[in-house]
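What follows is the residue order along each chain.
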Amino acid sequence: MADTSDFRNGLIIKFKNDLYSIVEFQHVKPGKGGAFVRSTLKNLKTGKVLDNTFRAGEKVETVRVERKMYQYLYRDGSFLVCMDNETYEQINVQGELFGDGVNYLREGVDVDILFNGSEIISVEIPTFINLKVVETEPGFKGDTATGAVKPAKMETGVTINVPLFINADDLLKVDTRTGEYCERVKS
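Residues numbered from 1 in each chain as written. Predicted model: local features only at pLDDT ≥ 70, side-chain atom pairs only at ≥ 80, totals over all residues. Heavy atoms only, no water.

Draft legend 1. Region of the structure containing the nonpolar core. Of all hydrophobic cores here, the largest spans 28 residues; its most connected members are Phe98, Leu105, Val111 and Ile113. In contact with Ile113, other than residues within four places in its own chain, are Glu66, Arg67, Lys68, Tyr70, Cys82, Ile91, Val93, Ile120, Ser122 and Val123. (Core = buried A, V, L, I, M, F, W, Y, C linked by side-chain atoms within 4.5 Å. Buried < 20%, exposed > 50% of the residue type's maximum accessible area, 1.4 Å probe, protein only. Contact = heavy atoms within 4.5 Å.)

So this is what it looks like as structure tokens:
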């Protein structure tokens, strides 16, 4: 058990029979009344964010989680097979734990998997991934000024909007949180 003075960003607590990560918190000492802690919590299973206020000194149950680096290998039905980078042991992980970022995962990419004992709590994929353009309309010289976009199919099968000057076989940096094009990468 810990109390609100032990709060720090990233701390995982059990709250309302679910596991939450503290995104941010602020100790508040008003002129009248007792001090309290205003916090933003993120549910590790659903990803939903909620705001909550704790009284100063209130006891909370902390959860010790283990973070391990795994390499994504391939998809097997609704599961994704990942390999432990140290022991080379392979595990099946539910696809829902990857969220929308699963559409941007390329074979061989490293992911962080959070465990509570032997239970997988969540999976964190890299924020940015370099993907190759498989198919798009050809770009023309001078197509940079308008800010217009066109669809491009990436090597993982997902389609994103890219600027008009992007061609097939270009390597692009893609934000896995939003699915947006960031920049062209020199290959």
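Draft legend 2. A look at the sheet that holds strand β5 (residues 49-55). Here we have 6 strands laid out as an open sheet, ordered β1-β6-β2-β3-β4-β5, and antiparallel in their pairing. What marks the edges here is a single partner per strand, and that holds for β1 (2-3) and β5. Sheet topology note: the strand β2 (residues 12-15)/strand β6 (residues 59-62) ladder contains 2 bridges and is antiparallel. Looking at β6, one finds that Ile13 is bridged to Thr62. (Pairing = 2+ DSSP bridges. Helix = DSSP H or I, 4+ residues; strand = E, 2+ residues; numbered from the N terminus.)

Draft legend 3. Broad picture of the environment of Gly117. Among the secondary structure elements, Gly117 is positioned in the loop between β10 (110-116) and β11 (119-124). A C-alpha to C-alpha distance of 22 Å links Gly117 and Phe7, two positions 110 residues apart in sequence.

Draft legend 4. Highlighting the packing of aromatic side chains. Scanning all chains against the criterion turns up 5 aromatic pairs. Consider the rings of Phe7 and Phe25, whose centres lie 6.1 Å apart with planes at 85°: the pair is edge-to-face. Note that Phe7 is positioned in the loop between β1 and β2 and Phe25 in strand β3 (residues 18-28), a separation of 18 residues in sequence. Here Phe7 falls in the buried class, since its relative accessible area comes to 5%. Relative to Phe54, the ring of Phe15 lies with its centre 5.5 Å away and its plane at 65°, an arrangement referred to as edge-to-face. Separated by 39 residues along the polypeptide, Phe15 in strand β2 and Phe54 in strand β5 bring together distant segments of the chain. An aromatic cluster of at least three residues, connected via ring pairs, comprises Phe7, Phe15, Tyr20, Phe25 and Phe54. (Phe/Tyr/Trp six-rings, centres within 6.5 Å; stacked < 30°, edge-to-face > 60°.)

Draft legend 5. The pairing of strand β9 (residues 90-94), seen in detail. Alternating positions in β9 separate cleanly, Ile91 and Val93 being buried on one face and Gln90, Asn92 and Gln94 remaining unburied on the opposite face. Pairing of strand β8 (residues 79-84) with β9 involves 5 bridges; the strand directions are antiparallel. Note on β9: the bridge partner recorded for Met83 is Gln90. Where β8 hands over to β9, the hairpin turn is made up of 5 residues, of which Tyr88 adopts a positive phi near 65°.

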